[in-house]
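The chain contents come next:
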Amino acid sequence: MANTSDEVDRIVEAWIAQRPDLDFSPLEVLSRVDRLSRHLDRARRDAFRRSELEPWEWDVLSALRRAGEDYQLSPKQLLQQTLVSSGTMTNRIDRLVARRLVRREADPDDGRSILVTLTDDGRIRVDAAITRLVDAEALLLDSLSRADRDRLAGLLRKLSLGFDA
């Protein structure tokens, strides 16, 4: 029979021996989330690196790609989706323009405003990165059935709703 204990089980057992007065169930859940987060971060960085993108570039390019045909958003919309400051976003757009992954265009509805548009090269890179990312993330979840994945996703959604409000 395979060993079903992990490092968190060993840590919690040691704590229970030392502090039997405490409830360690939060540690059992969130220590595992933390450890899984590190694996996910490595998988994401690798998927982006293989598409020659930095994580911050992925954030901007994927927001534009998800916008659908025309693949364009205003800088304000990009700010809302990436949660960075205005100055940081301006710098990021400048760097992406220099790499020819996006271009600035005048907003046809408001001559004083600009839209940031994904270039063909930007779209090709973000599409390659999302394919690699989905494949890498599927490997991380390989030991779970579809029903287990759905159940876990539902539980994590329920937990995250409290933080996203």
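For every chain, the first residue of the written sequence is number 1, and numbering continues from 1 onward in sequence order. Residues qualify for local features only when their pLDDT is at least 70, as the model is predicted, and side-chain atom pairs are given and counted only at 80 or more; totals for whole chains, interfaces and linings, by contrast, use all residues. Excluding hydrogens and water, the side-chain values take into account all heavy atoms of the structure.

A. Expanded view of the environment of arginine 42. One can find arginine 42 in helix α2 (residues 25–50). Once the C-alpha coordinates of arginine 42 and alanine 136 are considered, the two residues, 94 residues apart in sequence, prove to be 9.8 Å apart. By the criteria applied, helices consist of DSSP H or I runs no shorter than four residues and strands consist of E runs no shorter than two, each listed in order from the N terminus.

B. A look at the packing of aromatic side chains. Two aromatic rings, drawn from Phe, Tyr or Trp (for Trp, its six-membered ring), form a pair once their centres lie within 6.5 Å of each other, and the interplanar angle then sorts them: stacked below 30 degrees, edge-to-face above 60, tilted otherwise. For the structure on display, the rule yields 2 aromatic pairs. Taken together, a centroid distance of 6.3 Å and an interplanar angle of 20 degrees make the contact between tryptophan 15 and phenylalanine 24 stacked. On the accessibility criterion, tryptophan 15 (43% relative accessible area) is partly exposed. Assessed through its relative accessible area of 11%, phenylalanine 24 is described here as buried. Plain terms: the ring middles of phenylalanine 48 and tryptophan 58 are 4.9 Å apart, the flat faces sit at 20 degrees to each other, and that makes the pair stacked. In this pair, phenylalanine 48 is assigned in helix α2 and tryptophan 58 in helix α3 (residues 55–66), connecting sequence segments 10 residues apart. Assigned by exposure class, phenylalanine 48 and tryptophan 58 land together as buried. Think of it in three bands: with a 1.4 Å probe and only protein chains considered, a residue is buried below 20% of the maximum accessible area for its type, exposed above 50%, and partly exposed in between.

C. Structural detail: the sheet that holds strand β3 (residues 110–118). We call two strands paired when DSSP finds no fewer than two bridges between them. Reading across from one edge, β1-β3-β2 is the order of the 3 strands in this open sheet, with antiparallel pairing throughout. Taken across any chain shown, the strands that pair with only one partner, and hence form the sheet edges, are β1 (72–73) and β2 (102–107). Pairing geometry for β2 and β3, over 6 bridges, is antiparallel. Paired with arginine 104 across the two strands is valine 116, which belongs to β3.

D. Representation of the packing of α3 against helix α4 (residues 75–82) within the structure. A fitted line through C-alpha atoms serves as each axis, taken over the contacting stretch for helices, and the angle formed by two N-to-C directions is quoted from 0 to 180°. Look at α3 against α4: their axes get within 10 Å of each other, and the N-to-C directions meet at 115 degrees. Classified by the interaxial angle, the pair formed by α3 and α4 is roughly perpendicular. Here the hand of the crossing between α3 and α4 comes out right-handed. From α3, Asp59, Val60, Ala63, Leu64 and Arg66 reach across to α4, where they touch Leu78, Gln81 and Thr82. Angle categories are assigned with fixed cut-offs, so that under 35 degrees is roughly parallel, over 145 is roughly antiparallel, 65 to 115 is roughly perpendicular, and the rest are oblique. In this scheme, a crossing is called left-handed if the near helix is turned counterclockwise away from the far one by less than a right angle; it is called right-handed if the turn is clockwise. Should any heavy atoms of two residues lie within 4.5 Å, those residues are counted as being in contact.

E. Here's a closer look at the nonpolar core. The nonpolar core is taken to be a set of buried Ala, Val, Leu, Ile, Met, Phe, Trp, Tyr and Cys residues, with the residues joined through side-chain atoms within 4.5 Å. Ranked by internal contacts, the top residues of the largest apolar core, which has 22 residues, are Leu61, Leu64, Leu78 and Leu96. Sorting the residues of this core by element identifies α2, α3, α5 (86–98), β3 and α6 (120–140) as the ones contributing at least two each. In terms of residue count, the dominant contributor to this core is α3 (6 residues). The residues contacting leucine 96, other than those within four sequence positions of it, are Trp56, Glu57, Val60, Leu61, Leu101 and Val102.

F. Focus on the layout of surface pockets. Of the pockets and cavities examined, the largest pocket occupies roughly 1,300 Å³. A cavity here means a set of 1 Å grid points, computed over protein atoms only, where a 1.4 Å probe fits but cannot escape. A pocket is an open set with protein on both sides within 12 Å along at least 5 of 7 lines, and lining residues have an atom within 4 Å of a point. What lines the largest pocket is a set of 28 residues, among which Val33, Leu36, Leu141, Leu152 and Leu156 lie closest to the centre. If you list the elements that add at least two residues to the lining of the largest pocket, you get α1 (7–18), α2, α6 and α7 (146–164). Tallied by class, residues from the lining of the largest pocket come to 14 nonpolar, 3 polar and 11 charged. Grid points are joined across faces, edges and corners, and a volume is the space filled by probe spheres set on the points. Classification convention: Asp, Glu, Lys, Arg as charged; Ala, Val, Leu, Ile, Met, Phe, Trp, Tyr, Cys, Pro as nonpolar; all other residues, Gly among them, as polar.

Just distances and angles here, no functional claims.
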